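# Inside the fold
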There are 2 protein chains.
Amino acid sequence: MTSPTAGARPDEVRRHNRTALLRRLHVDGPSTRASLAAELGLNRSTIKALVDGLAETGVVAERVPAQRSGAGRPSLLVLPQPHAAVVLAIDIRVEQVAMAMVGLGGEIIGRDSWNLHTRTRDPREVITHIVDSAKLLTDELDLQPVAVGVSVSGVVRRSDGWVHEAPNLHWTNVALGERLSAVMGLPVQVGNDAELGALAEHVRGAARGASDMVYISADVGVGGGVISNGMPLRGTGGYVGELGHMVVRPGGLRCYCGCEGCWETEVGEAALCRALALPENASRGAVVAELRSLAADPDSVMHRLGEFTEWLAVGLVTVVNMLGPELVVLGDLFTALPEPVVAEVRAVVQRRSLVSRAVGGTRIVSSPLGRDAKLVGAAEAAFEPVLGIV
Amino acid sequence: MTSPTAGARPDEVRRHNRTALLRRLHVDGPSTRASLAAELGLNRSTIKALVDGLAETGVVAERVPAQRSGAGRPSLLVLPQPHAAVVLAIDIRVEQVAMAMVGLGGEIIGRDSWNLHTRTRDPREVITHIVDSAKLLTDELDLQPVAVGVSVSGVVRRSDGWVHEAPNLHWTNVALGERLSAVMGLPVQVGNDAELGALAEHVRGAARGASDMVYISADVGVGGGVISNGMPLRGTGGYVGELGHMVVRPGGLRCYCGCEGCWETEVGEAALCRALALPENASRGAVVAELRSLAADPDSVMHRLGEFTEWLAVGLVTVVNMLGPELVVLGDLFTALPEPVVAEVRAVVQRRSLVSRAVGGTRIVSSPLGRDAKLVGAAEAAFEPVLGIV
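Note that the structure is predicted; figures quoted are calculated from it, not measured.

### Topic: the overall build of chain A
For chain A, the helix and strand inventory stands at 13 helices and 16 strands. Here the C-alpha radius of gyration of chain A, 22 Å, is about what a compact globule of 390 residues would show, namely 21 Å. Expressed as a percentage of its 390 residues, the buried residues of chain A come to 56%. For chain A, restricting intrachain contacts to residue pairs at least 6 apart in sequence, the fraction spanning at least 24 positions comes to 62%. Carbon together with sulfur atoms contributes 50% to the accessible area of chain A, which is approximately 15,600 Å² in total. Positive and negative side-chain charges in chain A, numbering 37 and 43 respectively, have mean positions lying 6 Å apart.

Take a look at the structure:
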């Protein structure tokens, strides 16, 4: 009763195996028939039949591998074909919308992005702009997406893409999933940006193979996505938690959420600007440039970012103590933090977190996906249901 | 492929159905054959065969229900027999060990408890005392347990009952599960007290039917157990998070864990004693008596417990924002808090928590199981593997 294929009808078994094989190729890239057989626990004739079927419809191609391993006839290399299934990934940030066409296997085939301002941030404006830009991008690439994934920095119900509140965008109660799906005529998955960032790191980034991890998202606001026991952690109704709104500094700055001294108000972009003595509305470019110049001058890093680092660390101690992850991935804007800041955060968490000590030391790393994490996560959310039907 | 019984061998199907039926009786109590059939989705002849088999070995009994519903022959009432399978539940607290023999269906058949002092708190002493007391209790009741469940207020690895650290007990690296199992010759499940409290509330308390809930444990220390999507939330290596060690008040009192201003230092028993102007080593009885007398004088409650209430609420706002539960159950010592304190906590969470607003209002209630929650949870942890083999 443990194997999902036990006793199922032959066509169900075939479909199940086909999806597993496709997911394996999509996530891990080209692979020989022999290693696919070994990893999926299927015999070579089953693999051959599945691969032949997928090759016939152009979903995969096969070629003789460049390097032969061992003697005998080489096992053919199976390659997912990016254009066989393409999804549209959209990352709605506070100051920018980014868009990408992503092919089977995860390759970004084409991109677009535009800035958001107060007058273009209205949900209707954003949806119209997305639809127009998607049309231009698909025409340019001559590719039609089969599904859409959207990341929003807000409180989102994953089941139907309802945006309850996206405070930094000034959105409330937007039926984003439903509306986009109606206009574009495609299945649409909408997720919280931190949740999708966590998904991206789990599938293609620093958290591959980690079953318990936290991704910290830092754009204008701060959020967190959690993978627990290999699955996304969500609260009731499918809403994910808002790690940025844990109270780290009672009596601190007032936050729009109703609290004072939220993690977001202490370590979000505005707090970073204050620490760097930049105007609070400094551009992202200016913030990153200042962080880079600071990184070149290690002596002054902790002098200027000491307090910021302390609040970042205090929040992470709480996150680690509450969730016990093996890995924390610092995403997005936090990937620009100078190394001494990250080193100090690591040291504080190791020293002060009871749970980190229990689990043998929670690792803290910078996101290798950087600013693309949410786009990659949106693509993976869109691919999720697609892999079963390609 | 969704049904766990699909395509399995007939004996596997029978065992699966038998376990499901037994779990249903164990958790929900006596039930008619007709309602068992309806709820388990099995036909009446299958139910009859299963019940007959269980009745033959004395695991259940049947009787004609007192009240007949509708016309026709009444459906027989099936009753789990408490003595058919008994487990030993143990709750190791900082100042006391409580023990109970719990029968199938959850009835507490017999109890024992003793106080712990500095010189009797050593793990070897505690294990010896447990074994001796268990012998006396089982002799007195003339019942042999089939499994043991243990709750410990510490950082516990659930898989093998390894206690990494139980700071309030001054325990470090104790192979509690292994040692108890070796001495008693029984399967032993060891869990963190807050995790088992959450399990108890989920199975038999305020959180029945809730799929996302948090149980706040408050003894000498403060902890939290989380049920997420119907399952216990654990971190890497099977360790559960330590909600009591989120930092709520930077610069607050130093905690043994390495932080300052942990939730535990601000709202644990010692903090409550300070707020009540009792000595920090006041007995639990004195603390509860003082809380009761305060409850009789509503005007002075918030005057004396205002600051305590604020820290309790600040911590809960963070818990709700991070995990998005539909329900928070205040356990143990917190069940003695005067109603105005709980009402104020509810109001603060509703006002300040973004996520509570999103999920339609997280409910906050007092534990109906009170001081027994961890004992009940330990029994359920012990029953978990037993129900499949009775």
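### Examining the packing of aromatic side chains
All names here are of chain A. By the definition in use, this model includes two aromatic pairs over all chains. Ring geometry for Phe308 and Phe334: centres 6.3 Å apart, planes at 75°, overall edge-to-face. Residue Phe308 is located in helix α10 (residues 298-323), and its partner Phe334 is located in the loop between β15 (327-330) and α11 (339-352); the two are separated by 26 residues in the primary sequence. Per residue, the accessibility class of Phe308 equals that of Phe334, and both read buried.

### Structural notes on the environment of B:Pro82
Residue and element names in this part refer to chain B. As for its placement among the helices and strands, Pro82 is situated in the loop between β3 (77-80) and β4 (86-92). Along the chain, Pro82 and Val102 lie 20 residues apart, while their C-alpha atoms are 7.8 Å from each other. The residues contacting Pro82, other than those within four sequence positions of it, are Gly103, Leu104, Glu107 and Ile109.

### Quick notes on the interface of chain B and chain A
Counting residues at the interface gives 47 residues for chain B, matched by 48 residues for chain A. Regarding the contact of chain B and chain A, the summed buried area is about 4,000 Å², with carbon and sulfur atoms giving 66% of it. Taken together, the connections running from chain B to chain A amount to zero salt bridges. At the junction of chain B and chain A, the tally comes to ten residue pairs in polar contact (both at pLDDT 80 or more). Counting residues per element, the side of chain B that touches chain A draws most heavily on helix α10 (residues 298-323) of chain B, at eight residues. Among the residues forming the side of chain B that touches chain A, the class breakdown is 25 nonpolar, 13 polar and nine charged.

### Quick look at helix α1 (residues 10-28) of chain A
Here α1(A) contains 19 residues, and its C-alpha end-to-end distance of 27 Å stays within 8% of the 27 Å for a straight helix at 1.5 Å per residue. Positive backbone phi, at 85°, marks A:Gly29, one or two positions downstream of α1(A).

### Description of the sheet that holds strand β1 (residues 31-32) of chain B
Residue and element names in this part refer to chain B. Spatial strand order, β1-β3-β2: three strands in an open sheet with antiparallel pairing. Lying at the two open borders of the sheet, with one neighbouring strand each, are β1 and β2 (60-63). Alignment of β1 against β3, held across two bridges, turns out to be antiparallel. Each bridged residue has a counterpart across the sheet, and for Thr32 the counterpart in β3 is Leu77. Sheet strands touched by helix α3 (residues 44-56): β2 and β3. Its angle to β2, the strand with the most contacts, is close to 115°.

### Examining the domain arrangement of chain A
Residue and element names in this part refer to chain A. When its domains are assigned, chain A resolves into domain 1 (10-80), domain 2 (85-196 + 374-386) and domain 3 (208-368). On a C-alpha basis, the centres of domain 2 and domain 3 stand 25 Å from each other. At the junction of the two partners, domain 2 supplies 17 residues and domain 3 supplies 21 residues. At the boundary of domain 2 with domain 3, total buried surface from both sides reaches about 1,500 Å², with 50% on carbon and sulfur atoms. By the criterion of area lost to domain 3, the three top residues of domain 2 are Asn168, Ala194 and Glu195, representing 32% of everything that side buries. The interface formed by domain 2 and domain 3 holds four salt bridges in total. Across the contact surface, domain 2 and domain 3 share seven residue pairs in polar contact (both at pLDDT 80 or more). Those elements that provide at least two residues to the side of domain 2 that touches domain 3 are β8 (155-157), β9 (162-166) and α6 (193-204). Class assignment for the residues of the side of domain 2 that touches domain 3 results in six nonpolar, four polar and seven charged.

### Side note on the relation of the copies chain B and chain A
The two copies are related by a screw motion: chain B maps onto chain A through a turn of 180° and a shift of 0.0 Å along the axis, at an RMSD of 0.0 Å. Both copies are brought into coincidence by an operation consistent with a two-fold rotation axis. Of the interface residues in chain B, 100% have counterparts in chain A that sit at the interface too, so the contact is made through matching surfaces.

### Some remarks on the environment of B:Val342
Following the sequence through the fold, B:Val342 ends up in helix α11 (residues 339-352). Discounting residues that sit within four places of it in the chain, B:Val342 has contacts with B:Leu330 and B:Leu337.

### Digging into the packing of α1(A) against helix α3 (residues 44-56) of chain A
Residues and elements named next belong to chain A. Two numbers describe how α1 lies on α3: the axes approach to 10 Å, and their chain directions differ by 75°. Judged by the inter-axis angle, α1 sits roughly perpendicular to α3. Every residue of α3 that contacts α1 at Arg14, Asn17, Arg18, Leu21 and Leu22 is listed here: Thr46, Ile47, Leu50, Val51 and Leu54.

### Some thoughts on the sheet that holds β8(A)
All names here are of chain A. The strand order across the open sheet built from three strands is β8-β9-β10, with neighbouring strands paired in antiparallel fashion. What marks the edges here is a single partner per strand, and that holds for β8 and β10 (171-174). The sheet shows a mean angle of 15° between the axes of neighbouring strands, taken without regard to direction. Relative to β10, β9 is paired through three bridges, and the arrangement is antiparallel. Its bridge partner being in β10, Val163 is matched across the sheet by Val174.

### Some details on helix α2 (residues 33-40) of chain A
Residues and elements named next belong to chain A. Along α2, the residues that are buried comprise Arg33, Leu36 and Ala37. All buried residues of α2 lie within an arc of 100° about the axis, which places them on one face of the element. Its buried side turned inward, α2 meets α1, β1 (31-32), α3, β2 (60-63) and β3 (77-80). Residue Gly41 follows α2 closely and has a positive phi angle near 70°.

Cut-offs applied
- Residues numbered from 1 in each chain as written.
- Chains lettered and ligands numbered in written order.
- Predicted model: local features only at pLDDT ≥ 70, side-chain atom pairs only at ≥ 80, totals over all residues.
- Heavy atoms only, no water.
- Helix = DSSP H or I, 4+ residues; strand = E, 2+ residues; numbered from the N terminus.
- Rg over C-alpha atoms; globule rule 2.2 N^0.38 Å.
- Buried < 20%, exposed > 50% of the residue type's maximum accessible area, 1.4 Å probe, protein only.
- Contact = heavy atoms within 4.5 Å.
- Areas by Shrake-Rupley, 256 points an atom, 1.4 Å probe, with all protein chains shown as cover.
- Lys, Arg positive; Asp, Glu negative; His and termini not counted.
- Charge placed at Lys NZ, Arg CZ, Asp CG, Glu CD.
- Phe/Tyr/Trp six-rings, centres within 6.5 Å; stacked < 30°, edge-to-face > 60°.
- Buried area = accessible area lost by both parts, 1.4 Å probe.
- Salt bridge = Lys/Arg side-chain N within 4 Å of Asp/Glu carboxyl O.
- Polar contact = N/O pair within 3.5 Å; in protein donor to acceptor, adjacent residues only side chain to side chain.
- Nonpolar A, V, L, I, M, F, W, Y, C, P; charged D, E, K, R; others polar.
- Expected span 1.5 Å × (residues − 1).
- Pairing = 2+ DSSP bridges.
- Axes fitted to C-alpha atoms, helices over the stretch in contact; angles between N-to-C directions.
- Domains from an automatic or database assignment.
- Least-squares fit on C-alpha atoms with pLDDT ≥ 70 in both.
- Parallel < 35°, antiparallel > 145°, perpendicular 65-115°, else oblique.
- Arc of directions from axis to C-beta.

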